[in-house]
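# Structural description and commentary
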Amino acid sequence: MWRGVYPAVTTKFTEDDRLDIAEMERCFSLQIEAGVDGIIVCGSLGEAMALEPEEKIEILKVAKSVAGDKPVLMTVCESSTARACRAALDAAEAGANGLMVLPGVPYRSAPHETVAHILAVTRAAGLPVMVYNNPVAYGVDVSLDMFAELAEEPLIVAMKESTDDIRRATEVFNRFGDRFDVFTGVDNLALESILMGVHGWVAGLVVAFPKETVAIWKLAQAGRLEEARAIYRWFRPLLDLDVSTNLVQNIKLAEVHAIGSSDRCRAPRMALSGAERTRVETVIKTAMACRPELPEL
């Protein structure tokens, strides 16, 4: 039911650490204008763990206001199943079109605990769910055997595949056929995953470079692989910024240079400074100096 490019958008803050509603409206609109297929709010890149429950609902409503008829998914990332169920129900009542559900981080749950958590959250909201599987970051791998159990719940319709293993997509298709919509969640494995047949791309650098991201997706879908590869090879140093413990700071700094936004984060996370800021800015500026002209789509 879900296809294409879904940006995991950043959360914008004012100088006094409040939600910057106007800037989020502007930034989210840039995504829609570039042709993305949906929006995911309040994920890892959206600084979910630093947001209050009522702030998440406010961000969801901002995204809904600009997305038109395109789906907006709320991320559910809570350390207790009870809180996750409440968050899911709140999102459903506020108009979310679906959820992206994580295991109960930071606890590294056992397989049966992970499955029980995801099922409870799904059933609490009654919305279609994308399961976010990122064992590299969160230490819990939602394995194929676990997805076989989750497949019995019809509301679980998709997975965000972030194992950093290009073989996993093929393993999923070989075992489950078309049971799940499969999204790649690793920016610098995106084109490789698209060539393996994934249905979509939950993207990070798209928030700074939406047109290039959409172009790669559409060109690949049209079989115009040489053109897609050319853009992807240019994009690759930027996409590497997503695969980092500093992904939020890195990508917000890219937004500073590419779309004139801010890189304010919520403490304890802080914007990059010193030598690391210089290094990341060099990557961004070098790429922007040779930004490719995009073909007609």
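The structure under discussion appears in the preceding block.
Below: a short report on this structure.

Calculation criteria
Residues numbered from 1 in each chain as written. Predicted model: local features only at pLDDT ≥ 70, side-chain atom pairs only at ≥ 80, totals over all residues. Heavy atoms only, no water. Helix = DSSP H or I, 4+ residues; strand = E, 2+ residues; numbered from the N terminus. Expected span 1.5 Å × (residues − 1). Buried < 20%, exposed > 50% of the residue type's maximum accessible area, 1.4 Å probe, protein only. Arc of directions from axis to C-beta. Contact = heavy atoms within 4.5 Å. Phe/Tyr/Trp six-rings, centres within 6.5 Å; stacked < 30°, edge-to-face > 60°. Core = buried A, V, L, I, M, F, W, Y, C linked by side-chain atoms within 4.5 Å. Patch = residues over 30% accessible without salt bridge, like charges linked within 9 Å, V, L, I, M, F, W, Y side chains within 5 Å. Areas by Shrake-Rupley, 256 points an atom, 1.4 Å probe, with all protein chains shown as cover. Salt bridge = Lys/Arg side-chain N within 4 Å of Asp/Glu carboxyl O. Pairing = 2+ DSSP bridges. Axes fitted to C-alpha atoms, helices over the stretch in contact; angles between N-to-C directions. Polar contact = N/O pair within 3.5 Å; in protein donor to acceptor, adjacent residues only side chain to side chain. 1 Å grid on protein atoms, 1.4 Å probe; cavity = no way out; pocket = protein on both sides within 12 Å on 5 of 7 lines; lining within 4 Å. Points joined across faces, edges and corners; volume = space filled by probe spheres on them. Nonpolar A, V, L, I, M, F, W, Y, C, P; charged D, E, K, R; others polar.

Below, the discussion takes up helix α12 (residues 274-289). Taking 1.5 Å per residue, 16 residues should reach 22 Å; α12 reaches 22 Å between its end C-alpha atoms and fits that length. When α12 is considered as a whole, its buried residues turn out to be Val-280, Glu-281, Val-283, Ile-284 and Ala-287. The buried residues of α12 occupy an angular sector of 150° when the element is viewed end-on, so they sit on one face. For α12, the exposed residues set more than 90 degrees away from the buried face come down to Gly-274, Ala-275 and Ala-289. Looking at the buried residues of α12, the elements they touch are α10 (225-239) and α11 (247-259).

Here the focus is the packing of aromatic side chains. Throughout the structure, instances matching the rule amount to seven aromatic pairs. Centre to centre, the rings of Phe-176 and Phe-180 are 5.4 Å apart; their planes meet at 85°, and the pair counts as edge-to-face. Take Phe-176 and Phe-180: they sit in the same class, and that class is buried. Geometrically, the ring pair formed by Phe-209 and Phe-235 is edge-to-face, given 5.8 Å between the ring centres and 75° between the ring planes. A residue pair is termed long-range when its members are at least 10 positions apart, and Phe-209 in the loop between β8 (200-203) and α9 (210-221) and Phe-235 in helix α10 qualify at 26 residues. We note that Phe-209, like Phe-235, is buried.

Quick look at the nonpolar core now. One finds Phe-28, Val-41, Met-74, Leu-99, Leu-150, Leu-205 and Leu-238 to be the most contacted residues of the largest nonpolar core, which totals 89 residues. The element contributing the most residues to this core is α10, with seven residues. Discounting chain neighbours no more than four positions away, the residues touching Leu-150 are Val-115, Ile-118, Leu-119, Val-131, Val-142, Ile-156 and Arg-179. Core analysis: the second largest hydrophobic core is formed by 16 residues, Ile-40, Leu-73, Leu-102 and Met-130 among them.

Taken together, the side chains of Ile-166, Leu-195 and Met-196 make up a nonpolar region of the molecular surface, amounting to roughly 240 Å² of accessible area. Within the secondary structure layout, Met-196 lies in the loop between α8 (190-195) and β8.

Time to look at the pairing of β8. What you see with β8 is no split at all: Gly-200 and Val-202 on one side and Trp-201 and Ala-203 on the other are buried throughout. Across four bridges, the pairing between strand β1 (residues 4-7) and β8 is parallel. Directly across from Pro-7, in β8, lies its bridge partner Ala-203. Relative to β8, strand β7 (residues 181-184) runs parallel, the two being bridged by two bridges. When the bridges of β8 are listed, Thr-184 appears paired with Trp-201.

What follows covers the environment of His-112. Within the element layout of this structure, His-112 appears in helix α4 (residues 111-125). As a C-alpha pair, His-112 and Phe-173 span 61 residues in sequence and 23 Å in three-dimensional space.

To continue, consider the sheet that holds β7. Reading across the sheet, the eight strands line up as β1-β8-β7-β6-β5-β4-β3-β2 and stay open at both edges, with parallel pairing between neighbours. In this open sheet, the two strands that pair with only one neighbour each are β1 and β2 (39-41). Direction aside, the axes of adjacent strands within the sheet are offset by 25° on average. Relative to strand β3 (residues 72-76), β2 runs parallel, the two being bridged by three bridges. In the sheet register, Ile-40 faces β3, and the bridge partner there is Leu-73. Contacts from helix α2 (residues 53-67) reach β2 and β3, with the element oriented near 165° to β3.

Now for the side chain of Asp-263. Tracing the backbone shows Asp-263 in the loop between α11 and α12. Reaching out from Asp-263, the side chain makes a polar contact with the side chain of Arg-277 at a distance of 2.8 Å. In this structure Asp-263 touches Lys-252, Leu-253, Val-256, Ala-271 and Arg-277, once residues within four positions along its chain are discounted.

Another aspect to go through is the layout of surface pockets. Size it by volume and the largest pocket reaches roughly 730 Å³. Broken down by secondary-structure element, the contributors of at least two residues to the lining of the largest pocket are α5 (135-138) and β8. Per-element tally for the lining of the largest pocket: the top contributor is α5, with three residues. By residue class, the composition of the lining of the largest pocket is 21 nonpolar, nine polar and six charged. Residue lining of the second largest pocket: 16 residues in total, with Pro-53, Lys-56, Glu-78, Arg-83 and Ala-87 positioned closest to the centre. Those elements that provide at least two residues to the lining of the second largest pocket are α2, β3 and α3 (81-93).

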